[in-house]
Amino acid sequence: MLRAPATPPASAGWCGGTRRWATRSGRSGDYFDEVYDALSEAYPAFADAIEHVVVDRGELTLHVKSERILEVCQAMRDDEALRFELCSSVSGVDYLASDPRRLHVVYQLTSMTYRRRVRLETAVTAEDPRLPSVTSVYPTADWQEREAYDMFGIVFEGHPALTRILMPDDWEGYPQRKDYPLGGVPVEYKGAEIPPPDQRRSYQ
Amino acid sequence: MSTDSYAASRETTEGRVFTVTGGDWMDVLSTGGEDPIHDERIVVNLGPQHPSTHGVLRLVLELEGETVTEVRAVIGYLHTGIEKNIEFRNWVQGSTFVTRMDYLAPIFNETAYALAVERLLGITDQITPRANTIRVLMMELNRIASHLVWLGTTGLELGAISMMLYGFREREYILDIFEMTAGLRMNMAYVRPGGLAQDIPAEAITKIREFIGYFPKKLKEYEDMLRRPAGLARADQGSRGTGRDRLPVAGRHRAGTALRRAGLGPAQADALLRVRGLRVRRTDGHRRGRLGPVRGADGRDAGVAEARRAGARPAGAGSRDGRRP
């Protein structure tokens, strides 16, 4: 349990310096209910936006409707009882063949104030991979969203300059999608031919 | 008198004198002293082959005179598609890739990857304390080696070549420990899902102990050198008093303020603080040389035996507070 007061002191702003409260017990998971309750209070459209909640291996994941992600991030950052000031990562995942909305976007949020971590997850289809950019709330998401666009073709609407970040500008395709081939050529070494990695034996 | 510093003019007893940079002086004279290209924007490509970018970064700079007004960073030169490659391999083979993600911090990437795989498999509590202790030991050595490269190369880029020589000399010592332990100086793939590639040998423990005795003296040398006016002080000229400061990272900021008050510039103060971060603290557990038992067939506590072989003193002996100055 946290020794956080009901209303944090005025100094605990998200820009004007943060103050941390020590956790009484080191166990993770103590705060999951508090985060869930605080968000449902702070965010009016909570029931519509949150699809389901997963607690697995001591980590909390809120699955958010893709079109609501910006509003949820705004509440997560600004509400006094939440204060997730830091978005440390935005990454894409491709659940090809296991989820009809196969492209997921995963946001790792950290509250410096309360020493808490939460993961937000959204899903979009490969046919219409659009969702709002969170750069207006978390400026750190800028390059991360560009990477997710570059590797998965996920379009973040409202991003200031959504261009490829790692691959060349004229690259075709989205390399980290599961249906994108690894490529490679067979290599001959001392008379033996080694096939490209995607054609070698599988380690089942 | 023109206020434009790139085409300045001044009145002298011999008439008006123009200082012209970047334009044809005839043009300057014909326009009555105004440099016709003074507001021209120039796009300059910096890197990826520029020496200061280490071959990994390209910056497209937009300049007005000597002022950078816009920059576009092109960062993909080191992208190697590690995630895509691991899609086609098994969990253990992943170590070989992640160790190459950052050649200055291979053990950290290996450990982060191994911990993630172990958590996914639900075997976190099956990792022996000995393996975890060696992981931490290796990470700490790796951290020091990485900082030494930072200190050395930054010194080099600021003109303090001896700092580079010192930094790489001590880093070599740590790489020797890595070679004794894992067989390789970098890209070790030593931390694996489930534990380690192999146990740490007794010679490596001896070498680490020697290093802990030897390194604080070297830190003293670095500090003495960086404090000297000829050290990093040159880097601070021009930045002092312009309001530029280090990142306000909690403790460092406070300590940095104290160093600044002592008359040191930001680069110098920052370097000294980072050197302080390398200080090796001896704990009681370390003095006893306990790494925890190897979970072997005979159940013998090999860690203690190994420490004895390596000549460790029993607990309680040695300096009273167990700390190096």
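All of the points below concern the structure found in this document. (Residues numbered from 1 in each chain as written. Chains lettered and ligands numbered in written order. Predicted model: local features only at pLDDT ≥ 70, side-chain atom pairs only at ≥ 80, totals over all residues. Heavy atoms only, no water.)

1. So, the side chain of Thr113(A)
Residues and elements named next belong to chain A.
Okay, step 1: The topology assignment puts Thr 113 in the loop between strand 4 (103-111) and strand 5 (116-124).
Okay, step 2: Residue Thr 113 is classed as buried on the basis of its relative accessible area of 0%.
Okay, step 3: Here Glu 85 takes part through its side chain, which lies 2.2 Å from a polar atom of the side chain of Thr 113. (Helix = DSSP H or I, 4+ residues; strand = E, 2+ residues; numbered from the N terminus. Buried < 20%, exposed > 50% of the residue type's maximum accessible area, 1.4 Å probe, protein only. Polar contact = N/O pair within 3.5 Å; in protein donor to acceptor, adjacent residues only side chain to side chain.)

2. Notes on the pattern of salt bridges
Okay, step 1: Summed over all chains, the structure comprises 26 salt bridges over all chains.
Okay, step 2: The partner of Lys84(B) in a salt bridge is Glu87(B), and the shortest N-O contact between them spans 3.3 Å. Placement of the pair is Lys84(B) and Glu87(B) together in helix 2 (residues 82-87), with a separation of 3 residues, close to one helical turn.
Okay, step 3: Residue Glu140(B) is joined to Arg143(B) by a salt bridge in which the shortest nitrogen-to-oxygen separation is 3.1 Å. With Glu140(B) and Arg143(B) both in helix 5 (residues 129-157) and 3 residues apart, the pair spans about one turn of that helix.
Okay, step 4: Because the salt bridges share partners, they merge into one network encompassing Asp48(A), Lys65(A), Arg68(A) and Glu71(A). (Salt bridge = Lys/Arg side-chain N within 4 Å of Asp/Glu carboxyl O.)

3. Details of the layout of surface pockets
Okay, step 1: Each pocket or cavity is described by its volume, and for the second largest pocket that value is around 800 Å³.
Okay, step 2: Taken together, 26 residues form the lining of the second largest pocket, with Leu78(B), Arg100(B), Met101(B), Asp102(B) and Tyr103(B) sitting closest to its centre.
Okay, step 3: Where the lining of the second largest pocket is concerned, the elements lending two or more residues are helix 4 (141-152) of chain A together with helix 2 and helix 5 of chain B.
Okay, step 4: Among the elements that make up the lining of the second largest pocket, the one with the highest residue count is helix 5 of chain B (6 residues). (1 Å grid on protein atoms, 1.4 Å probe; cavity = no way out; pocket = protein on both sides within 12 Å on 5 of 7 lines; lining within 4 Å. Points joined across faces, edges and corners; volume = space filled by probe spheres on them.)

4. Describing the packing of aromatic side chains
All names here are of chain B.
Okay, step 1: On inspection of all chains with the given rule, the structure shows 9 aromatic pairs over all chains.
Okay, step 2: Relative to Phe 211, the ring of Tyr 173 has its centre 5.5 Å away and its plane inclined at 40°; by these criteria the two rings are tilted. Highlighted residues: Tyr 173 in helix 6 (residues 161-182) and Phe 211 in helix 7 (residues 202-227), separated in sequence by 38 residues.
Okay, step 3: Since its relative accessible area comes to 15%, Tyr 173 is described here as buried.
Okay, step 4: An angle of 45° between the planes, with centres 6.5 Å apart, marks the rings of Phe 211 and Tyr 214 as tilted. (Phe/Tyr/Trp six-rings, centres within 6.5 Å; stacked < 30°, edge-to-face > 60°.)

5. What about the environment of Phe46(A)?
Residue and element names in this part refer to chain A.
Okay, step 1: In this structure, Phe 46 sits in helix 2 (residues 46-49).
Okay, step 2: Sequence separation of Phe 46 and Tyr 36 is 10 residues, and the distance between their C-alpha atoms is 9.7 Å.
Okay, step 3: Setting aside residues no more than four positions away along its own chain, Phe 46 makes contact with Tyr 36, Leu 39 and Ser 40. (Contact = heavy atoms within 4.5 Å.)

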